[in-house]
Amino acid sequence: MWIPTEHEKYGVVIASFRGTVPYGLSLEIGDTVQILEKCDGWYRGFALKNPNIKGIFPSSYVHLKHAGVKNKGQFEMVIPTEDSVITEMTSTLRDWGTMWKQLYVRNEGDLFHRLWHIMNEVLDLRRQVLVGHLTHDRMKDVKRHITARLDWGNEQLGLDLVPRKEYAMVDPEDISITELYRLMEHRHRKKDAPAQASSHHLFVQLKSLMCSNLGEELEVVFSLFDSRENRPISERFFLRLNRNGLPKAPDKPERHCSLFVDLSSGELRRDIYITVHIIRIGRMGAGEKKNACSVQYRRPFGCAVLSIADLLTGETKDDLILKVYMCNTESEWHQIHENIIKKLNARYNLTGSNAGLAVSLQLLHGDLEQIRREYPSVFSHGVSITRKLGFSNIIMPGEMRNDLYITVERGEFEKGGKSVARNVEVTMFIVESGGQTLKDFISFGSGEPPASEYHSFVLYHNNSPRWAELLKLPIPVDKFRGAHIRFEFRHCSTKEKGEKKLFGFSFIPLMQEDGRTLPDGTHELIVHKCEENTSLQDPTRYLKLPFSKGLLLGTSSLATKTTKESFWITSFLCSTKLTQNGDMLDLLKWRTHPDKIPGCLSKLKEIDGSEIVKFLQDTLDTLFGILDENSQKYGSKVFDSLVHIINLLQDSKFHHFKPVMDTYIESHFAGALAYRDLIKVLKWYVDRITEAERQEHIQEVLKAQEYIFKYIVQSRRLFSLATGGQHEEEFRCCIRELLLSVRFFLSQESKGAGPLSQSQAVFLSSFPAVYSELLKLFDVREVANLVQDTLGSLPTLLHVDDTLQAVKLQCIGQTVESQLYTNPDSRCILLPVVLHHLHMHLRQQKDLVACARILSNVFCLSKKNSSEKSVLEEIDVIVASLLDILLRTILEITSRPQASGPATRLHFQDVTGEFVACLLSLLRQMTDRHYQQLLDSFSTKEELRDFLLQIFTVFRILIRPEMFPKDWTVMRLVANNVIITTVLYLSDALRKNFLNENFDYKIWDSYFFLAVIFINQLCLQLEMFTPSKKKKVLEKYGDMRVTMGCEIFSMWQNLGEHKLHFIPALIGPFLEVTLIPQPDLRNVMIPIFHDMMDWEQRRSGNFKQVEAKLIDKLDSLMSEGKGDETYRELFNSILLKKIERETWRESGVSLIATVTRLMERLLDYRDCMKVGEVDGKKIGCTVSLLNFYKTELNKEEMYIRYIHKLYDLHLKAQNFTEAAYTLLLYDELLEWSDRPLREFLSYPAQTEWQRKEHLHLAIIQNFDRGKCWENGIVLCRKIAEQYESYYDYRNLSKMRMMEASLYDKIMDQQRLEPEFFRVGFYGKKFPFFLRNKEFVCRGHDYERLEAFQQRMLTEFPHAIAMQHANQPDETIFQAEAQYLQIYAVTPIPESQEVLQRDGVPDNIKSFYKVNRIWKFRYDRPFHKGPKDKENEFKSLWVERTSLFLVQSLPGISRWFEVDKREVVEMTPLENAIEVLENKNQQLKTLISQCRTRQMQNINPLTMCLNGVIDAAVNGGVSRYQEAFFVKEYILSHPEDGEKIARLQELMLEQAQILECGLAVHEKFVPQDMRPLHKKLVDQFFMMKSSLGIQEFSACIQASPVHFPNGSPRVCRNSAPASMSPDGSRVIPRRSPLSYPAINRYSSSSLSSQASAEVSNITGQSESSDEVFNMQPSPSTSSLSSTHSASPNVTSSAPSSARASPLLSDKHKHSRENACLSPRERPCSAIYPTPVEPSQRLLFNHIGDGAMPRSDPNLSAPEKAVNPTPSSWSLDSGKEARSMAESGRLLSPPVPPRPALTASPARHTAPVSPSPAGRSPLKGPGQSFTPSPVEYHSSGLLSNSPVLSGSCSSGISSLSRCSASEISGFENPVNEPAAPAPGPGSGYGAPEEPARRDSKTPPPYSVYERTVRRPVPLPHSLSIPVTPEPPALPPKPLAARPGALENGTRRTEPGPRPRPLPRKVSQL
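Computed from a predicted structure; not experimentally measured.

## Observations regarding the overall build of the protein
At step 1: Across its full length, the protein carries 67 helices and 42 strands.
At step 2: Taking all 1963 residues of the protein together, 57% fall into the buried category.
At step 3: Summed over its atoms, the accessible surface of the protein is roughly 82800 Å², and 52% of this surface lies on carbon and sulfur atoms.

Right under this line is the structure:
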């Protein structure tokens, strides 16, 4: 049975549990769980990380921990009882863990590794705390380290600042808000601006001396030198180096490492240097021989200098190399470092050995103890400490020092009978009174132990040597008396013996006879001469002699002898026990000389402070002893001396001696009667304040009043103890009288900063320190009354000196901080006077910093939950006195402009933050009673209104993001909690006082505005928080957004008819609130929109305002990232439900639907914009949104904004043509008028004409960059008209020149024809604007199907590519996935006028082929009915699909949606007719090209002939005969009679063309190919016999040939005027199905077996010469890769391979090679190397309906949309027959054939014949040439991606020949047919005379029309042209007015005027 747990409430999972049992809870190791129930070894509970899921788990898997329980029961909350630091550490590490992994994902490796180390450190420290074996101090240290690391990690990760008190987290509810603010501010300042260290230390480590020729030991001396004062400021760091330049004691780091300590901040300046002096130990001369002298001397070697400023930029200087210099003359050695610093280069140079000193330097900051903690490595191995000279800046009590510094300065010596100067060495000893030498008290420096004697270095031959060597003598105090220093002088010989001969000595005593030590300064000592062997062991013999020249007596004969030689030293004493001051000694010995007491007391002020503090206790005892001795006589002087000493301790240097005086007062002071004299003298001074003219001394007295009162109180206590409390009342009276005098002097007013006001300020600054002393003797209330009276006497006039005002506030602040104020009894007395002064200052806006600090302290003392009566009364007083002025102060300081300086700005934030914290503290402590009293205190509604407006404004300021630093979330949440609580109180007042007749719009608007920005605060968006943080916030405060939302709804409902005042103003703010992803908030707020619609409907009968405002705000808010799909659904469902019963339901539903659709598009737009690079999805989404704003919403401004957004996207993607079309949309909205336009987007304020001109120029520029020059020309003309109308000829000239340049570019520059692709987006996962729609896309330059498909899959990485072209079913539409269906389509140009004009250059035609395209087409072959295994063409149909777009391409996008699709089916017979027409046209084109020498290589013609003839012999076209000429087919398809006749006619025509082709081939065939030609001729006769054709006489006559050169020849085996080799083009009758024959199909491709084998191609042809020129048919399903075959698609041509199973592999491979894409075909003369992309031609592309380009020669009816009922509909026979009858051919007698000449599915316009050679791209495909430059438009060299697709499909050439791609140019619709030529004339007779007479060379070569790069044409291949070629259209775009206006939807392409029947001219 499950029972609730009592103690087992909280635990940690120690082993993972999968929860596989029923109701099991899955747990991971480390999870924390809360336990609810237990049963037989199982617990039931939940994991704290996911409290919503409860389950059971084994108790053995959980380690229980102690925890407390709040709110026992269903909603109980468990709080661990462990250390708060541990709790925080655990939760913080959990949060870090998740974020740490994200750092790795974001590739932030540096922070990732640093955080990893910190986390490990924290875990180690956590283990130490949990073990519990740490001492108290160590525990504090560990916690400090933990919190420091937690704060660092939180800062790095952007987490919140944690308020702490003594390393533990603080609950904001347990302290006042002002205290919380101070904690946050303290941590924030500590984080932002670390405190500047007052002391600094320099770490020095010598590595080595690098020198080329050392060989001697060295001494290195470091010291710090002040170049400004020319003196050293530190002791010396001394170390010895061996002969190799390395430290002699490497195992002792303290011998070569030192720390120069106690450098002040003022000493870190540029004129402080590190000086290094190097002394060598060796021979006198560096170059002397080793055996010259055995004695070693100390000799100068070199000096190095480094400025300490070099260390200020970087903390560490590792392995710094210092250059070592040597002075030019040894006599300047003492100042070499000064010369180097001053850069006196003439006095020093580099040492001869180029020595360099390697040192490591590091500057450390902080006190010494801190350095020991932070840099343990410095101290762990040992380091010597080098002090400053003398005491440090701060002298600590108890510091024991007794150091005497001696500097050996210089000497003046005689030659002593020598011819040269002496080599003088000084030896120093310390000798005590008994004559013994003191051992080890001479210190050379910190790195070397002290020695017993000192030897100076020797300067060579110098009688005036200067040494300047500093020595420290740490002599004990007891050794000082009687001791002296002796200096011995010796001459060092350089002879072989190297003797040192004594020639004199000096001495100086350390202490004088009167007890004073040796005075500081320079001493000139007498050099006493002596003999070399003189013994100085007995000091009594010379101590009686004079030692200093200042003490010489003129009568001494001995003195006269010794005055010629002198020796100078400088001494400096640093001692805490000895003094050099005689006045101090006299004072301390006052009892021996009582008569000197007045003088000694007077001289006390002249004694140095360090001397006084050294003997502080003795001095104080002396003063009070004198006072006891004779208070009447010495009372005033002792008082003044005491004041001097007290004020001396205020100096920062001696500040640390205050505790010494406190200890003296408490423990050693014994003046029980002193209080009387002290009070009397103090009152005397106070009484004289108002009268005295000079008040400096009085101010000194007032400054010392704290300690004076301490002495008074302690003296009174001692007296009371001694006498049992006698004279108590007398004492109280004295104190009251004293304070009465004080009050009188304080109440005096002085204008300006006079002496009196200065004295008042001095008194007030130190008065609060007296409170604690008074409390020792008086009651709390009594002291409070005394203080209140004293503070109340302060003057309150405004003209009082500002300095005094500041000091007065400082005094009040110290009063509030004092112990006196903390007592509630005294606080109630002092609070009114404190508030009174604060109110005055705040009213004048003066001293705001001090006021804020005082207020903070006032609120710190009253806790939030304090319900004591005294606290409630205090809040009453504060509210009445300060609330109003506090609000005004916050408004005032936040409305001031902030200063620019960072310090001023920080100061401003501090003041504002403190006042805000005070206001929040006050509001939080106010209860219902306080609020009620406050609201009742307003006498009029105007006052209440002003108050509410004021507090609402302040609240809006408080929730500004900049009010608190970013990471102060704790402070923000507390502030918001206070604000919402206060608003709930005040909303009642709003409802009661400002509704109905008292309605006030301003105050209600302020209320709603505050509520909205409150909800929208970033710190309240819990969705952005981590789960643990969100849980804590919800537990403590709940979701304050929902609370405020409910309050908004409630207040809105109370408004009634006044709601109309806020419509539509509040729609935007409320909409912003509803976009917050909080379901409860949305459910509360969305119904308000229904209410708004209802009231707006009542007022105006519609809700247009609501709709307009909703739409405007939705765009801006959603673009900021607000809103989601859930909101859209919720908005739709809630409002639809609300309006169900409304009378205006229909219009409401319409509005909701419109807004919902807008949301869909805006959400899609926002999602698309998140991607970095510009892609089609972004552009398509923008187009969708743009069209929505225009068509559905009619929002012109938003429409224009999105036009420019789309324009920017196009420019970024370099879609310049689309960018131009986009900008054209805006241009169309403008007119050529002078209407002024406002500044908008990037446009300045200008007239409409100017903006339209600017747009025109920008559009022209983009059309130019996009190579769409024809469109640019139209705009040039338009703007030129405007210039002309304004007579602006200058700009008109420029525009005409620009127009001309565009014409030039059309003719001179190459343009690529883009591919077009149909893309279907299926599935629900696509964005709304794409979902289940199909588009046609205009590809990029050089982009083929594979590249386009890859690009689309990259844009939609989750999409699945469909591998077929069939329309998907409903399951695909509704799938929760993305499916892409992509294949290429062929553009069908709408206008045929230019394309059919003869003589129009291809540069011009190429534009009209691929621009302004509305219609696209693709074909799909399929089998209908059972498939005939013997002849598959009987059942092979072609499905032709036409797609119509909503706008033409190109346009404002690279893709447009398909608006309509039409599908027709072509029968097998119609397909066969189309295949033969294409092949015949191809043959005619090749023959014509060969005849006119357009191709230098005859191989293409050879291959084509071979393919057709050989395939026919082997069963090629015979498959058609078997399929359609058999009796069964004719009987079963009686309606196809005319088509069968047409097919037969085409077969006969093909034979006729082959006859002509063989004749031309015979003329041009090279000799080595004659056998092949003979074989072709033989096979041709076999073919004729198989077709039943014997002779061609009649047939040939009926087939006129156009002779370009005008000279017809007679072909062999033919009648006159029949086909000849020169007649290169045989023109058969024109078929309605005829299109330009393109080199696409060869008869060899008639084998379906061969075409099916294409999918299995593995090799290439072995003999490329015999490869048939076959063009594979395009694939209808282009999703597959280039060579993946579609197994369901079969060939549609008759298979010669089936009839001839012995077809050679060579031929099979030839066909296979023909199916290969260009890059896979073998290179040969037949198959030249494929053209590089940059060289690709604007080929007349080889392809069918599925290819993504149009043929320039498509007939007008074919390019029109449905000129007749469906081309391939089954019910069109009647129409077809009528057409066929009207289009019956008129020709010479031919074998009988059916009258029908066209398929009923196709109707074409009449055609005027055109010459064969006018444009090589018009006729059949050209052959390939072996020339590397002369590339022809060949079927095998197509650059279409569909070419490869067709290879993969496995469909042979006859299967998918486009039914519209074989004939020449046809006339436009309704254009009359050309008249038939007269009898006997050639087919092109009307053009021949002009062509023959023309001598004008052709303006464009053949290759210029084929290749973009001009290639010269040989003269022999020149083609004559007509003198007057047909004129171009009057201007581009004229064929379709308004073609550029793509913004409008194209009209429905309904039935167009039916073309006239085609007439064929007579021969």
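## Focus on the packing of helix α22 (residues 755–766) against helix α25 (residues 802–817)
At step 1: One way to put it is that α22 packs onto α25 with a least axis distance of 9 Å and a crossing angle of 15 degrees. Overall, the two elements α22 and α25 adopt an arrangement that is roughly parallel. Viewed along their axes, α22 and α25 form a crossing whose handedness is left-handed. Contacts from Ser757, Gln760, Ala761, Leu764 and Ser765 in α22 reach Leu804, Val807, Lys808, Cys811 and Gln814 in α25.

## Some words on the pairing of strand β34 (residues 1316–1322)
At step 1: Among the seven residues that make up β34, seven are buried, leaving the element largely enclosed by the rest of the structure.
At step 2: Burial along β34 is two-sided: the face carrying Phe1316, Arg1318, Gly1320 and Tyr1322 and the face carrying Phe1317, Val1319 and Phe1321 are both buried.
At step 3: Looking at chain direction, β34 and strand β35 (residues 1333–1338) are connected through six bridges and run antiparallel. In the sheet register, arginine 1318 faces β35, and the bridge partner there is valine 1336.
At step 4: Alignment of β34 against strand β37 (residues 1379–1388), held across seven bridges, turns out to be antiparallel. Note on β37: the bridge partner recorded for phenylalanine 1321 is leucine 1380.

## Side note on helix α52 (residues 1402–1410)
At step 1: Burial analysis of α52 places nine of its nine residues in the buried class, which makes it a mostly covered element.
At step 2: Among all positions of α52, only Asp1402, Asn1403, Ile1404, Lys1405, Ser1406, Phe1407, Tyr1408, Lys1409 and Val1410 are buried.
At step 3: Positive backbone phi, approximately 55 degrees, marks arginine 1412, located one or two places after α52.

## A word on helix α46 (residues 1248–1265)
Quick reminder: α-helices carry 3.6 residues per turn. Residues three or four places apart thus point the same way.
At step 1: Helix length check: α46, at 18 residues, gives a terminal C-alpha distance of 26 Å against a target of 26 Å (1.5 Å per residue), a fit within 8%.
At step 2: Along α46, the residues that are buried comprise Glu1248, Trp1249, Arg1251, Lys1252, Glu1253, Leu1255, His1256, Ala1258, Ile1259, Ile1260, Asn1262 and Phe1263.
At step 3: Looking at the buried positions of α46, the neighbouring elements they touch are α44 (1196–1213), α45 (1216–1228), β32 (1236–1237), β33 (1246–1247), α47 (1269–1285) and α48 (1289–1308).
At step 4: Just downstream of α46, lysine 1267 is the residue with a positive phi angle, here 60 degrees.

## Points about the side chain of histidine 201
At step 1: Residue position: histidine 201 is located in strand β11 (residues 199–210).
At step 2: Only 3.2 Å separates the side chain of histidine 201 from the backbone nitrogen of aspartate 262, close enough to count as a polar contact.
At step 3: Separated by 2.6 Å, the side chain of histidine 201 and the backbone oxygen of glycine 366 make a polar contact.
At step 4: Discounting chain neighbours no more than four positions away, the residues touching histidine 201 are Leu259, Phe260, Val261, Asp262, Gln362, Leu363, Leu364, Gly366, Asp367, Leu368 and Ile371.

## Examining the packing of aromatic side chains
At step 1: Scanning all chains against the criterion turns up 71 aromatic pairs.
At step 2: Here the aromatic rings of tyrosine 181 and tryptophan 968 are separated by 5.5 Å at their centres, their planes lie at 70 degrees, and the arrangement is edge-to-face. A residue pair is termed long-range when its members are at least 10 positions apart, and tyrosine 181 in helix α4 (residues 177–192) and tryptophan 968 in the loop between α32 (941–958) and α33 (969–993) qualify at 787 residues.
At step 3: According to the relative accessible area criterion, tryptophan 968 is buried, its value standing at 2%.
At step 4: Chaining the aromatic ring pairs together yields one cluster made of Phe952, Phe999, Tyr1001, Trp1004, Tyr1007, Phe1008, Trp1052, Phe1062 and Phe1070.

## Looking at the pattern of salt bridges
Any two side chains of opposite charge can pair, so long as their charged atoms come close to each other.
At step 1: Across all of its chains, the model carries 95 salt bridges by this definition.
At step 2: Through salt bridges with shared partners, one network takes in Glu219, Arg236, Arg240, Arg298, Glu448 and Glu469.

## Some points on a positive patch on the surface
At step 1: A surface patch of like charges, here positive, comprises Lys418, Lys495, Lys497 and Lys501.
At step 2: Residue position: lysine 501 is located in strand β28 (residues 500–509).
At step 3: Take lysine 501: its relative accessible area is 31%, and that puts it in the partly exposed class.

## Thoughts on the packing of helix α34 (residues 1001–1015) against helix α37 (residues 1067–1074)
At step 1: Two elements in contact, α34 and α37, have axes whose closest approach is 9 Å; the angle formed by their N-to-C orientations is 25 degrees. Of the possible angle classes, the one that applies to α34 and α37 is roughly parallel. Handedness of the α34/α37 crossing: left-handed. Of the residues in α37, those in contact with Phe1008, Val1012 and Ile1015 of α34 are Pro1069, Phe1070 and Val1073.
At step 2: A per-class count over the contact of α34 with α37 returns six nonpolar, no polar and no charged.

## Some details on the sheet that holds β28
At step 1: Strand order in this open sheet of five strands is β25-β24-β27-β28-β30, and the pairing throughout is antiparallel. Lying at the two open borders of the sheet, with one neighbouring strand each, are β25 (453–455) and β30 (528–529).
At step 2: Sheet topology note: the strand β24 (residues 424–431)/β25 ladder contains three bridges and is antiparallel. Note on β25: the bridge partner recorded for methionine 428 is tyrosine 454.

## Digging into the environment of phenylalanine 1416
At step 1: Structurally, the position occupied by phenylalanine 1416 is in strand β38 (residues 1413–1423).
At step 2: Between the alpha carbons of phenylalanine 1416 and phenylalanine 1444 there is a distance of 6.7 Å; along the sequence they are 28 residues apart.
At step 3: Here phenylalanine 1416 is in contact with Phe1316, Val1336, Val1385, Thr1386, Pro1387, Ile1388, Thr1441, Ser1442, Leu1443, Leu1445 and Leu1449, once residues within four sequence places are set aside.

## Concerning the nonpolar core
At step 1: Tyr711, Phe915, Trp1004, Phe1008 and Phe1070 are the most contacted members of the largest nonpolar core, which has 304 residues in total.
At step 2: Not counting the four nearest positions on each side in its chain, tryptophan 1004 is found in contact with Leu990, Arg991, Phe994, Leu995, Phe999, Met1051, Leu1055 and Phe1062.
At step 3: Ranked by size, the runner-up nonpolar core spans 50 residues in total, among them Val221, Met511, Val527 and Phe567.

## Focus: the pairing of strand β21 (residues 356–365)
At step 1: Counting buried positions over the ten residues of β21 gives nine, a clear majority of the element.
At step 2: Two elements, β11 and β21, share ten bridges in a ladder whose sense is antiparallel. Bridge pairing in β21 places histidine 201 opposite leucine 364.

## Topic: the environment of arginine 1161
At step 1: Inspection of the secondary structure assignment puts arginine 1161 in helix α42 (residues 1145–1169).
At step 2: With relative accessibility at 11%, the residue arginine 1161 sits in the buried group.
At step 3: Between the C-alpha atoms of arginine 1161 and serine 1184, which are 23 residues apart in sequence, the distance is 7.3 Å.
At step 4: Apart from residues lying up to four places away in sequence, arginine 1161 is in contact with Cys1181, Ser1184, Leu1185, Phe1188 and Phe1328.

## Some details on the confidence of the model for the protein
At step 1: Across the protein, the average pLDDT comes to 76, with 76% of residues at 70 or higher.
At step 2: In this model residues 553–562 is a low-confidence stretch, pLDDT under 50, and it forms seven contacts with partners more than four residues away in sequence or in other chains.
At step 3: Between residues 1592–1963, whose pLDDT stays under 50, and residues either more than four places distant or in other chains, the model counts 993 contacts.

What counts, and at which threshold
Residues numbered from 1 in each chain as written. Predicted model: local features only at pLDDT ≥ 70, side-chain atom pairs only at ≥ 80, totals over all residues. Heavy atoms only, no water. Helix = DSSP H or I, 4+ residues; strand = E, 2+ residues; numbered from the N terminus. Buried < 20%, exposed > 50% of the residue type's maximum accessible area, 1.4 Å probe, protein only. Areas by Shrake-Rupley, 256 points an atom, 1.4 Å probe, with all protein chains shown as cover. Axes fitted to C-alpha atoms, helices over the stretch in contact; angles between N-to-C directions. Parallel < 35°, antiparallel > 145°, perpendicular 65-115°, else oblique. Left-handed = near helix turned anticlockwise from the far one by under 90°. Contact = heavy atoms within 4.5 Å. Pairing = 2+ DSSP bridges. Expected span 1.5 Å × (residues − 1). Polar contact = N/O pair within 3.5 Å; in protein donor to acceptor, adjacent residues only side chain to side chain. Phe/Tyr/Trp six-rings, centres within 6.5 Å; stacked < 30°, edge-to-face > 60°. Salt bridge = Lys/Arg side-chain N within 4 Å of Asp/Glu carboxyl O. Patch = residues over 30% accessible without salt bridge, like charges linked within 9 Å, V, L, I, M, F, W, Y side chains within 5 Å. Lys, Arg positive; Asp, Glu negative; His and termini not counted. Charge placed at Lys NZ, Arg CZ, Asp CG, Glu CD. Nonpolar A, V, L, I, M, F, W, Y, C, P; charged D, E, K, R; others polar. Core = buried A, V, L, I, M, F, W, Y, C linked by side-chain atoms within 4.5 Å. pLDDT = per-residue confidence, 0-100.

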